[in-house]
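Fold and geometry: a report
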Amino acid sequence: MAQEYVYKRDNSRLFVAMRDNGRRFKVIMNEDKIPVINEKEEDIRLVRTEESHMCFEYRERRFHCVVTKRNKNSYTMLINGVEYTFSVESVSSYLRKKILAKDAGEEQDLSIKAPMPGKITAVYVDPGDEVNVGDPLFALEAMKMQNEILSPIKGKVLELTIKEGDVVVKNDELVKIGVVD
Amino acid sequence: MAKRLLVANRGEIAIRIMKSAKELGLTCVVIKSPKEADALYLKHADEVVSFDDASNATSVFLDIDALMGICRENNIDVLHPGYGFLSENPDLANACKENNVVFAGPKSELIRDMGNKTIAKEKAVEAGLPLLAGSAGVVHSYEEAEDIADKIGYPVILKAAAGGGGRGMRIVESRDQIEKNYKSAHAESLAAFNNGDLFVEKYIPSPKHIEFQILADMHGNVIHLGERECSLQRKHQKLIEEAPSPFLSPQKREEMGQKSVEFAKKIGYDSVGTIEFIMDANANYYFMEMNTRIQVEHPVTEMITGVDLIAWQLRVAMGEKLTLTQDDIKFQGWAIECRINAEDAQNRFSPETGIISQIIFPEGEDIRIETGVENNSVVTPYFDSMLAKIIVRGWDRQNAIGRMDRALLNFRIDGLKTTVPFSKLVINHRDFTLGTYTTKWVEDYYTDIMLENPVDEMIAAHAAVYLYHNEFSKVASDTPDFEEDSMSVWVMKRRLNS
């Protein structure tokens with residue numbers, strides 16, 4: 001019950017780490033004590049830390065955790081070779097965000113970016129075309145492999161910034177798709 | 001005087017070749033390209049020849065004239081091509097012959113014939129190997145492909161006659177898809193192999209990939225070393241291989257092995273080679289192709305037979321007689337290989353490049369590591385993404401899976417994402433442990449969410465909060481800055497967070 005006391009009294013030590021898929025972790029950082037995660041004491045102990053690399057011990061196993069991306073309050077952590085991205089909020093910023101989210105618009109236009117560097121070997125759509133989820137947009141050749149890039153949403157092709165034969169680098173904007181109502 | 005071997009390759013296979021070659025007393029010469037001047041394989045060689053291909057369109061490993069020049073200047077007696085690059089190029093084998101260099105591979109004509117799928121299939125039919133229904137030869141238009149598909153029924157597969165590694169290959173589910181697919185496969189094949197010829201055949205939706213290892217000499221002796229199953233693939237690239245296959249009965253193994261040997265004898269095969277089959281759910285098997293080089297996955301066969309395939313490849317190339325008979329080949333235990341690629345399995349296996357700040361390999365009984373990288377190695381976009389192979393052997397399949405699981409757990413790499421989490425996922429998945437997985441497993445069942453683990457996720461969430469909290473406390477305690485710059489604590493916080 002002592003933890004609950006901390007939780008109620010000291011909101012400055014309570015943080016929420018949230019993933020894009022909506023999974024939330026409420027974490028209470030206790031000075032000199034183990035953290036409380038989602039109302040449960042978890043025996044996670046920091047073994048050592050250097051720059052962006054942290055090593056934790058949990059249930060007699062070591063976990064190496066590396067920060068691979070960091071942008072404002074968003075942290076991408078690499079652990080056992082797999083990345084997890086969280087946006088971390090303090091209690092007040094979390095509540096504020098919740099209020100703002102209610103006012104925000106629903107869906108937005110989407111830019112398709114090059115997932116990897118390569119060469120555009122075919123373009124299957126023209127501006128104005130309507131596309132469905134899973135329709136091929138263009139083919140990207142990278143590391144000797146042809147990759148078909150599929151539309152992640154249903155919509156209309158607004159803008160096409162590439163043509164066959166173009167060489168693109170990672171994250172180049174290639175196609176913009178507008179949401180149709 | 002000791003014979004001199006040129007290893008016309010790089011990475012782990014160059015090191016692997018040198019290991020066997022040194023035991024045979026060969027002097028090993030490798031080629032140093034400025035594209036990876038600090039590569040690990042260079043340190044394993046007896047001699048290093050520098051060749052500046054930085055400004056050339058083709059890599060030195062793809063340049064026959066350059067390789068022959070290096071052979072002449074360095075008094076090379078034997079050339080080993082490894083896999084990939086020019087390993088299945090008949091012109092290299094020919095050039096070697098003209099320059100009095102022993103080529104560690106079969107005769108040039110065999111490479112040419114087996115590299116041409118139409119000829120290879122004709123030879124397979126002659127030797128009594130079963131084939132899938134399809135076009136007798138290449139097709140020259142989508143209409144022609146359409147006619148054949150109508151006859152044999154959909155789905156069909158279009159394949160580059162000169163192809164390999166999945167390039168120029170398309171699966172066509174229905175008639176309305178054939179034109180588009182024919183055109184893109186034709187273009188891809190033309191770009192990759194300078195040959196746009198395609199053929200059409202019946203497509204088996206969820207097959208197993210089973211291949212037989214052949215070992216032959218130039219005196220007519222041929223044996224097989226059993227099969228490997230390489231069904232765990234993504235876009236026709238193998239990721240996990242095992243020997244033996246959990247899907248073959250002893251009778252089937254005997255039958256396929258014998259037929260493979262007969263085929264190799266019939267074509268006069270004289271080196272190590274691999275005969276690839278696909279197998280449907282009823283264990284019907286069909287000849288696909290023969291690879292005339294050493295394969296990436298050869299270690300699983302070596303692990304269960306104790307035969308050094310590369311040593312034999314070099315010995316038979318130099319004219320030695322095979323002293324092993326079929327009865328000498330005994331299979332002991334079960335071997336699994338996981339390829340460790342610098343690829344992001346969470347992002348459609350896109351290639352990762354960068355510096356390996358630290359790499360720690362698992363060690364232990366019956367664990368074998370083949371790698372071309374070490375601490376501080378640079379992973380460049382110039383070459384393929386395979387960093388290493390982890391191979392384990394167990395006394396049975398379950399034991400091998402357990403050993404692989406522990407080996408993967410004890411593997412650590414910093415600086416790049418790799419396919420290790422993917423391998424861990426697969427070997428623990430029911431479809432793998434039951435041995436029912438097919439070449440379509442990745443496409444049909446894999447999603448990157450499967451890589452996630454609730455404990456790791458919680459620790460990562462805690463780590464993110466830990467960092468945020470540290471920054472938060474820092475803002476609150478850094479009062480000197482606040483006073484000197486008379487900066488608002490809110491502005492500071494924003495700066496820290498941006």
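Each value, and the rule that gives it
- Residues numbered from 1 in each chain as written.
- Chains lettered and ligands numbered in written order.
- Predicted model: local features only at pLDDT ≥ 70, side-chain atom pairs only at ≥ 80, totals over all residues.
- Heavy atoms only, no water.
- Helix = DSSP H or I, 4+ residues; strand = E, 2+ residues; numbered from the N terminus.
- Contact = heavy atoms within 4.5 Å.
- Areas by Shrake-Rupley, 256 points an atom, 1.4 Å probe, with all protein chains shown as cover.
- Lys, Arg positive; Asp, Glu negative; His and termini not counted.
- Charge placed at Lys NZ, Arg CZ, Asp CG, Glu CD.
- Core = buried A, V, L, I, M, F, W, Y, C linked by side-chain atoms within 4.5 Å.
- Buried < 20%, exposed > 50% of the residue type's maximum accessible area, 1.4 Å probe, protein only.
- Pairing = 2+ DSSP bridges.
- Phe/Tyr/Trp six-rings, centres within 6.5 Å; stacked < 30°, edge-to-face > 60°.
- Lys NZ or Arg CZ within 6 Å of the ring centre and 35° of its normal.
- Salt bridge = Lys/Arg side-chain N within 4 Å of Asp/Glu carboxyl O.
- pLDDT = per-residue confidence, 0-100.

Digging into the overall build of chain B
- What chain B contains, in helices and strands, is 18 helices and 22 strands.
- At a minimum sequence separation of 6, the contacts of chain B that also span at least 24 residues come to 64%.
- Surface exposure of chain B reaches about 20,600 Å², of which carbon and sulfur atoms provide 48%.
- Where the 55 positive side-chain charges of chain B centre and where its 75 negative ones centre are 2 Å apart.

A look at the nonpolar core
- Ranked by size, the top nonpolar core spans 68 residues in total, and within it Met77(A) and Phe422(B) carry the most contacts.
- Apart from residues lying up to four places away in sequence, Met77(A) is in contact with Met54(A), Cys65(A), Val66(A), Val67(A), Val82(A), Glu83(A), Tyr84(A), Phe86(A), Ala460(B), Ala463(B), Ala464(B) and Leu467(B).
- Ile13(B), Met68(B), Leu86(B) and Phe383(B) belong to the second-largest nonpolar core, a separate cluster that totals 59 residues.

What to know about the sheet that holds strand S8 (residues 74-79) of chain A
- Strand order in this open sheet of nine strands is S4-S3-S2-S1-S9-S8-S7-S6-S5 (chain A), and the pairing throughout is antiparallel. Two strands bound the open sheet, and with one partner strand each, they are strand S4 (40-41) and strand S5 (44-50) of chain A.

What to know about the packing of aromatic side chains
Residue and element names in this part refer to chain B.
- Inspection of the entire model under this criterion finds 17 aromatic pairs over all chains.
- Centroid distance Phe 263 to Phe 287: 5.4 Å. Interplanar angle 50 degrees. Geometry classified as tilted. Of this pair, Phe 263 sits in helix H9 (residues 250-266) while Phe 287 sits in strand S13 (residues 285-291); the two residues are 24 residues apart in sequence, bridging distant segments of the chain. The same class applies to Phe 263 as to Phe 287, namely buried.
- With 5.5 Å between their ring centres and 50 degrees between their planes, Phe 361 and Phe 411 make a pair best called tilted. Taken together, the residues span a long stretch of sequence, with Phe 361 in the loop between strand S18 (358-360) and strand S19 (367-371) and Phe 411 in the loop between helix H12 (397-409) and strand S22 (412-414) at a distance of 50 residues.
- Assessed through its relative accessible area of 18%, Phe 361 is described here as buried.
- For Phe 411, a relative accessible area of 7% puts it in the buried group.
- Grouped by ring-pair contacts, the aromatic residues Phe 61, Phe 85, Tyr 382 and Phe 383 constitute a single cluster.
- Sitting over the face of the ring of Tyr 437, Lys 208 holds its NZ or CZ atom 4.3 Å from the ring centroid.
- Over the face of the ring belonging to Trp 312 we find Arg 315, whose NZ or CZ atom lies 4.0 Å from the ring centre.

Quick look at the interface of chain B and chain A
- Between chain B and chain A, the contact holds 44 residues from the first and 52 residues from the second.
- In this structure, the connection of chain B to chain A is made through five salt bridges.
- For Arg70(A), the salt bridge is made with Glu471(B), and the minimal N-O distance between the two is 2.3 Å.
- Looking at the side of chain B that touches chain A, the elements that each hand over two or more residues are helix H8 (178-193), strand S16 (350-351), S22, helix H13 (420-428) and helix H16 (454-477) of chain B.
- A total of 17 residues in the side of chain B that touches chain A trace back to one element, the largest contributor, which is H16(B).

Description of the confidence of the model for chain A
Residues and elements named next belong to chain A.
- For chain A, mean pLDDT is 84; residues scoring 70 or higher make up 88% of the total.
- Averaged over each element, pLDDT in chain A is lowest for helix H1 (residues 2-9) (45) and highest for S8 (95).
- In the predicted structure, residues 1-9 sits below a pLDDT of 50 and forms eight contacts with residues beyond four places in sequence or in another chain.

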